[in-house]
Amino acid sequence: MSEAASANPPKPSSSVKLVLLGEAAVGKSSLVLRFVNDDFQENKEPTIGAAFLTQKCSLPTRTIKFEIWDTAGQERFASLAPMYYRNAQAALVVYDVTKPSSLTKAKHWVAELQRQASPGIVIALVGNKLDLTNDGGDVSEASTAPEADSGSTGAEGDAGAGEEGEEQDATPGDARKVSRREASSYAQEEGLLFFETSAKTGTNVVDVFTAIANAIPESSLKTGRGAGAGTGQTQLSGRSADDSRVNLGDRNAATAKEGCAC
Amino acid sequence: METLADTSWDLIIAGTGLAESLLALALSRSGKKVLHVDKNPYYGGTEAAFSLDEAQQWMDGVNRRPGQSPFEDVRIVTSHDAHDPSQTDRPKLSPSRSYTLSLSPYSLYTRSQLISTLISSKVYRQLDFMAVGSWWIYASEEDDTLTGAARVLQRVPGNREDVFADTRISMKSKRSLMRFLRHISKPADEEDLAPEAEDLSMPFEEYLASKFSVPADLHNPLHSLSLSQLSQPETSASYAVPRVQRHLASIGALGPGFGAVISKYGGGSEILQVACRASAVGGAVYALDTGIQSVEDSDAEEHPVKVQLSTGESVQTRSVVGAIWDLPSQKPIESSGIRVARSITIVSAIFESLFPVTVEGAPVPASAVLMFPGSTLGSPNSPPVYLQVHSSDTGDCPRQQSIIYGSVAQPGPAGQSLLESAVARLLQPEGPKAAVLWSLRYSQLGRLSNGHIPPTLSEHSPHVHSFLPPNLDLAFEDETVSLVKEAWQKIMGDEARSDEFMIFDDRDGASDD
């Protein structure tokens, strides 16, 4: 109580558990590396072992601390994901815009999340490696104005997604095989956030995480974890400032008095 | 990595129960190549947690393959009203995924070694704990001659203040109770009679009566604090005394007003998954739906064990450690085991009065422990029924509902009928809207820790070991941590430094700054 009275209250801070899913080699770890360290490694070795990273994201009214779980390197066994998306509040499902099969795999992940994960989970579909397409050249334009890019303008008419892809294939230097419109309309149907990113150039990477942070309902933020929580939480860490919290430092200092029945 | 066979493993862990998962966690910074498999498509093995649909699938699987797991006679009972849309005024079951039903709902005392381990290994940061608040004894109405009122559930005094404040206990009884509590709360060296010299072989009720003149009406409350699932005459003082001590010593250790916690979202199942996640971050490879079909010692020097996986792959490893149900050629555990009847019941009631905040500044408890002596269920010779009531604050069920985990050391229909009557007696005063919506009933084979001989790993061959089946006690027993340490020492060999077991720094970025 005295703490609260003494100073300007800091912005409330909440942890958000986020799971990273997608086919191997679509750039999941690179996206996180860009977000967390603002760094990119060319020809990065496949991730060995699974990664866990955290990064804060500051919103006007609160701070979100992302706990990011990366299944890196173990996609083939598909066994980490169920443990990772358990009670996760957000999922980032990544595909490679130059590899159509990776979007198919992403759709499988979305279906599995919708079937198995917490009902309120926020899912973002992310097409990575935008730098390998013609859209990737202009970082700022492509990132913020999806309607203005060549993919969308070329597709205004009745041209199907396939034709559009082929059309773009023909453009020299453009490796895009998945049209923005195809992925975006799928994301819209399924109620997903949608972005195309480049972990290499940084395009849209922070925007993805900010959009997720904004999309998480306040109600699930209060308690730091999925739905259905209440006031009775006792915490071994100071995850949120709350009367019921238990500090680790208190553990040994805590009153032996009460336990002593003499 | 393309296939599991590409790697020569240091260790294959079979099964993802708590012991196996803690071993994986203990090795997560060792640099060892660990492959962790589970024959099931889910984590936790016999300690898993399920949604309603998953519970149904689990039941089908267990009943289809009797003898392949410690579970028997699994059945699900649903209320017709809870599904019938025409019964609009009746409480309804929520969608399958609104529930996390745990096969391991045990309480975790705040001074247990598992809490220390979760803290020193830093994985506690991924867990949320809720307080286990009050203990209650069910007293049938005709017993309650003191007040004359239908005060059916009596709160068990958990500390000195409670005893003084309790108006139902006579002054004389309070004095003898205090003498007992003072006796067991004293550090050993202050005791004129050294604890090892004290005779604890007699039944706990006899110990209380003969040594402290504790009157018989206080035996049940003290019995409940020990969480002994055996009947009073069968509960030895050697089991009960250290556990009542544990109860009293734990109160206040992690905060005021409670001595035990449960992990949110599925109890033990959540803890073991957090351990597996930490192990994966350390580089262990995880494969579900992958069982071990055969294990064969070869002459190869470096990786002498050849393991045939159910996926058809064959892999080489230095050693194998697993749950008894996850290794081939398991020895039957019938002889030493006992069977308990258990039930998991979803009810449309919130039992607000079971979760009082009894000390200023204490968290609102999310769990309460209820003991129904056999006599109150019309079965005086039966062992007691325990119900652990979880409120929706545990994240295990939707608001306006609760989960009741029941256990009685009497298997089969007789045990299930005791559990049913206990749940019915608990629900009865809550009014017509309070009903059983769904329940899962089963018998479980296992063991109770008897406190005499510390259990050890079983050796199948010099390179292959198994953990004992998880015990059936209602509070986590520290022997599991000791077993994990024993296995860790075997795997680490000369590298094992006892004082470094499970002591890890935070990984980058994982701290709370």
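Residues numbered from 1 in each chain as written. Chains lettered and ligands numbered in written order. Predicted model: local features only at pLDDT ≥ 70, side-chain atom pairs only at ≥ 80, totals over all residues.

Looking now at the overall build of chain B. For chain B, the helix and strand inventory stands at 11 helices and 20 strands. Relative to the compact-globule value of 24 Å for 513 residues, chain B shows a C-alpha radius of gyration of 24 Å, a close match. A separation of at least 24 residues holds for 73% of the contacts in chain B among residues at least 6 apart in sequence. (Helix = DSSP H or I, 4+ residues; strand = E, 2+ residues; numbered from the N terminus. Rg over C-alpha atoms; globule rule 2.2 N^0.38 Å. Contact = placed C-beta atoms within 7 Å.)

Scanning chain A from N- to C-terminus turns up 12 helices and seven strands. Counting over 262 residues, chain A shows a buried share of 46%. Residue pairs in contact within chain A that sit at least 24 positions apart in sequence constitute 65% of those at least 6 positions apart. (Buried ≥ 20, exposed ≤ 12 C-beta atoms within 10 Å, placed from the backbone.)

As assigned here, chain B comprises domain 1 (4-49 + 266-335 + 453-500) and domain 2 (159-244). Relative to domain 2 of chain B, the C-alpha centre of domain 1 of chain B lies at a distance of 39 Å. (Domains from an automatic or database assignment.)

All names here are of chain A. Buried residues dominate strand β5 (residues 122-128), accounting for seven of its seven residues. Neither face of β5 is left uncovered, since the one carrying V122, A124, V126 and N128 and the one carrying I123, L125 and G127 both have all their residues buried. Pairing geometry for strand β4 (residues 90-96) and β5, over seven bridges, is parallel. In the sheet register, V94 faces β5, and the bridge partner there is V126. (Pairing = 2+ DSSP bridges.)

Residues and elements named next belong to chain A. In this structure, K56 sits in strand β2 (residues 51-58). Judged by local crowding, K56 falls into the partly exposed class, with 15 C-beta atoms found within 10 Å. Excluding its chain neighbours within four sequence positions, the residues that come into contact with K56 are T63, I64 and K65.

The next thing to look at is helix α9 (residues 205-215) of chain A. Those residues of α9(A) not exposed but buried are A:V205, A:V208, A:F209, A:I212 and A:A213. The buried residues of α9(A) occupy one face: seen down the axis, they fall within an arc of 130°. (Arc of directions from axis to C-beta.)

Residue and element names in this part refer to chain B. One can describe the packing of helix α1 (residues 18-26) onto helix α9 (residues 268-281) by two numbers: an axis separation of 8 Å at closest approach and a directional angle of 30°. Considering their axes alone, α1 and α9 lie roughly parallel with respect to each other. In this structure, α1 meets α9 at a crossing whose hand is left-handed. Between α1, through L18, S21, L22, A24 and L25, and α9, the contact on the second element is made entirely by G268, I271, L272, A275, C276, A278 and S279. (Axes fitted to C-alpha atoms, helices over the stretch in contact; angles between N-to-C directions. Parallel < 35°, antiparallel > 145°, perpendicular 65-115°, else oblique. Left-handed = near helix turned anticlockwise from the far one by under 90°.)

On to the nonpolar core. One recurring pattern in soluble globular proteins: nonpolar side chains tend to sit buried together. Ranked by size, the top nonpolar core spans 204 residues in total, and within it A:A91, A:V93, A:L125, B:L23 and B:L370 carry the most contacts. The two domains that each donate at least three residues to this core are domain 1 (4-49 + 266-335 + 453-500) and domain 2 (159-244) of chain B. Beyond its immediate stretch of four places on either side in the chain, A:A91 contacts A:L18, A:V19, A:L21, A:Y85, A:L113, A:A117, A:I121 and A:I123. (Core = buried A, V, L, I, M, F, W, Y, C linked by C-beta atoms within 7 Å.)

Moving on: the sheet that holds β4(A). All names here are of chain A. The six strands lie next to each other as β2-β3-β1-β4-β5-β6, forming an open sheet whose pairing is mixed. Two strands lie at the open edges of the sheet, namely β2 and β6 (193-196), each paired on one side alone. Put simply, the sheet's adjacent strands are angled 25° from each other on average, direction ignored. Strand contacts of helix α4 (residues 100-116): β1 (13-22), β4 and β5, with the helix running at about 165° to β4, the strand carrying the most contacts.

Turning our attention to the pairing of strand β14 (residues 338-347) of chain B. All names here are of chain B. Counting buried residues along β14, eight of its 10 residues qualify, which places the element largely inside the surrounding structure. Examined bridge by bridge, β14 and strand β18 (residues 436-446) share 10 bridges and lie antiparallel to one another. By the bridge assignment, R342 is partnered in β18 with Y442. Bridging between β14 and strand β17 (residues 402-408) involves seven bridges; their strand directions are antiparallel. Bridge assignment links A341 to a residue of β17, and that residue is V408.

Take the packing of helix α2 (residues 28-37) of chain A against α9(A) next. Residue and element names in this part refer to chain A. Contact pair α2 / α9: the axes reach a minimum separation of 9 Å and the direction vectors enclose 85°. Judged by the inter-axis angle, α2 sits roughly perpendicular to α9. Taking contact as the criterion, the partners of L31, R34 and F35 in α2 are, on α9, V205, V206 and F209. Its residues assigned to classes, the contact of α2 with α9 comprises five nonpolar, no polar and one charged. (Nonpolar A, V, L, I, M, F, W, Y, C, P; charged D, E, K, R; others polar.)

What follows covers unusual backbone geometry. We note that A:K129 has phi near 70°; this positive angle belongs to a residue other than glycine. Of note, A:K129 is situated in the loop between β5 and α5 (139-144). The buried category is assigned to A:K129, around which 25 C-beta atoms lie within 10 Å. Non-glycine residue B:Y265 carries a positive phi angle of around 60°.

We now examine the confidence of the model for chain A. In regions of low pLDDT, the predicted coordinates are not meant to be interpreted in detail. For chain A, the mean per-residue pLDDT works out to 75, and 65% of the residues sit at or above 70. For residues 138-170 of chain A, every residue scores under 50 in pLDDT, and the model assigns this stretch 44 contacts once sequence neighbours within four places are set aside. (pLDDT = per-residue confidence, 0-100.)

With that out of the way, let us pick up helix α7 (residues 219-226) of chain B. Residues and elements named next belong to chain B. Within α7, seven of the eight residues are buried, leaving the element largely enclosed by the surrounding structure. Listed in full, the buried residues belonging to α7 are N220, P221, L222, H223, S224, L225 and S226. Those residues of α7 that are buried are in contact with β7 (129-138), α6 (204-212), α8 (237-250) and β15 (367-372). Once α7 finishes, L227 follows within two positions and takes phi at roughly 60°, a positive value.

Looking now at the confidence of the model for chain B. Mean pLDDT for chain B: 89, with 92% of residues reaching 70 or above. Reported confidence for the predicted complex is 0.81 by ipTM and 0.87 by pTM.

Attention now goes to the environment of B:E420. All names here are of chain B. Position of E420 relative to the elements: it lies in helix α10 (residues 412-427). Accessibility expressed as a C-beta count within 10 Å gives 20 for E420, which makes it buried. Distance in space between the C-alpha atoms of E420 and V359 is 33 Å, their sequence separation being 61 residues.

It is worth spelling out the environment of B:P233 at this point. Residues and elements named next belong to chain B. Residue position: P233 is located in the loop between α7 and α8. Between the C-alpha atom of P233 and that of E206, which follows or precedes it by 27 residues, the distance is 8.3 Å. Not counting the four nearest positions on each side in its chain, P233 is found in contact with P203 and E205.

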